[in-house]
Amino acid sequence: MSSHREAPGILKDPTADNTDVYAFVTPNDTVTLITNYIPVEAPGGGPNFYEFGDDVLYEIHIDNDGDGKPDVTYQFRFETKNTNPDTFLYNTGPIDSLDSPNWNRRQKYSVTKVTRRRGRFPRWKVIGQDLPSPPCNIGPRSTPNYPALAQAAVKTLRSGEVVFAGQRAECFYVDLGAIFDLGTLRPFQPAHLIPTARADGVDALAQVNVHTLAIQVPISDLTRDGSVPRDPMAREAVIGVWGAASRRKATILDDDGPPRNAGPFVQVSRLGNPLFNEVIVPLSRKDAWNASTPDQEKRFAKFVARPELAKLLPVLYPGVFPNLAAYDKDRADLLAILLTGIPAGVIDGFQNFTGTTLADELRLNVAIPPTAQPKRLGLLDGDLQGFPNGRRVADDVVTIELRAVAGATLPLVDDTFTPDGAATAIEDGTFPPNRAFLDVFPYLGVPYAGYDVPAS
Amino acid sequence: MKPVTRRSFIATGSAGALGVAGVAALGSPISLAAADTPELSDSEAAALERPAVLSIRNARAGEVELLVDERSVVFTDKQLVARMLRAGR
């Protein structure tokens, strides 16, 4: 999956497991930033439905000067309360508003903005307090008119940001069962070492939910000079984005009372580009990667330069990737896409280069406006607003990255290389996904209801 | 011998205020030989309500990490480390 349960440590801690990050330009000179948590929520998973962690610090980081360190951070902290101590139920009647007395288990959250400038102390400002997180989508009796109920939790802050924190339908799509069954790729199943018949893709994340943190921010709040860049080739037009979750260094479990925490926050999950920790970083290093920060990425660059998957493809599909098999240089295309951004001169009218510091960040050129006709393969199909220029909610990042690893993007930086025909034919096979995105913030679809999609 | 209390252990084993918070990690009162200690002030006693953890980072060097609130304080106290290790035998 993009980053769902992608490391041995974090798979045991879903509340802090950052599953996906999205960053894209939205109308009125804004950027929408989204990080998702709690992978593969079964919609019927009651009576203790999913929720954010009061003991987790959730952060969205923005690097606007290319040093791999955050210059702007939005922190989200939650507080949970039971309103009725005498029931085991999440709700004791229909929840028809965010202040319904029938709703027993409630979460509120605060948003803190941290700004850092070189040579100065960080500035911390609480920009939102007592913000409501909506209940989970339970079913027609408990949460009637869920779309309106959840939309009421979209709040505009005094400082100009728009925020939402709550359950959403999973929008990432992938044929997980095929990919992790010894790298089964469509349409080449018959050419696999262990061949099978061709078959349609199976979306392993259909009809599950996640918990979403979304914030829409004026572009001028994120750029290094406070401007709204119009020239895509300008340095200040590019920002790098990643999400992170941290827990306190120590937790004390007593035989009476709730757990107590002590010490500073320690990062347990992070995510910039989809699938980075999932398929680039070796299993033995994944937990260490989750605890590290983008400015330390040099330690992991060798896994990008010589990705294991690129070595496996010619082995798993004999004769299908001969040019890839023969290529014996570092993958400058992947180093650029994932760790530095694509410099000017590679794609006409485009760059998202942040400098020579290697850092896994989702790089977004904010001077490229939203397109009316997005293409699922994004930059690979000439759509400059799509992944890997940031990431929109419907971008087919699995197919894009599979093709890139298979060599489709290598000619951008090495004109001696001719991609194998298969490199541009690979499909994840799950598009179009069975999803209903929203046209407005928070863009991710209404979560599946437990009544309609019970836990299996 | 006078019985050792939680407070007396902490006061004995601590380097000034740093040791106050170690109580939470150690949990129940511990019997130690060295028990002749001053009582804590009210403000020090109040600090005991906050969750805190003492962890030995390097026993030979006597390096201890105190986790309290959202802070980490590293200090050196070989005597404290020795007492903690003996208590844990």
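Look a little higher up for the structure.
(A) Main features of the sheet that holds strand 8 (residues 162-169) of chain A. One open sheet holds the five strands; their spatial order is 1-2-9-8-7 (chain A), and the pairing between them is antiparallel. The strands lining the two open edges of the sheet, one partner per strand, are strand 1 (18-26) and strand 7 (155-156) of chain A.

(B) Just the interface of chain A and chain B, in detail. On the side of chain B, nine residues touch chain A, which itself brings nine residues to the contact. For the side of chain A that touches chain B, the secondary-structure elements that each account for two or more residues are strand 10 (238-252) and strand 11 (260-271) of chain A. Each residue belonging to the side of chain A that touches chain B can be placed in one class, and the counts come to five nonpolar, two polar and two charged.

(C) Focus on the nonpolar core. With 105 residues, the main nonpolar core has Ala23, Val31, Val241 and Ala406 of chain A as its most contacted residues. Discounting chain neighbours no more than four positions away, the residues touching Ala23 of chain A are Val31, Leu33, Val241, Leu362, Leu364, Gly390 and Arg391 of chain A. Counting residues in each nonpolar core, the second largest holds twelve residues, with Val53, Leu54, Val68 and Met84 of chain B among its members.

(D) Focus on the sheet that holds strand 2 (residues 63-68) of chain B. Residues and elements named next belong to chain B. The three strands lie next to each other as 1-2-3, forming an open sheet whose pairing is antiparallel. The open sheet has two edge strands with one neighbour each: strand 1 (52-58) and strand 3 (71-76). Pairwise comparison of adjacent strand axes, ignoring direction, gives a mean angle of 25° for this sheet. Strand direction decides the pairing type here: strand 1 and strand 2, joined by six bridges, are antiparallel. Bridge pairing links Val53 to Leu67 in strand 2.

Rules behind the numbers
Residues numbered from 1 in each chain as written. Chains lettered and ligands numbered in written order. Predicted model: local features only at pLDDT ≥ 70, side-chain atom pairs only at ≥ 80, totals over all residues. Pairing = 2+ DSSP bridges. Helix = DSSP H or I, 4+ residues; strand = E, 2+ residues; numbered from the N terminus. Contact = placed C-beta atoms within 7 Å. Nonpolar A, V, L, I, M, F, W, Y, C, P; charged D, E, K, R; others polar. Core = buried A, V, L, I, M, F, W, Y, C linked by C-beta atoms within 7 Å. Buried ≥ 20, exposed ≤ 12 C-beta atoms within 10 Å, placed from the backbone. Axes fitted to C-alpha atoms, helices over the stretch in contact; angles between N-to-C directions.

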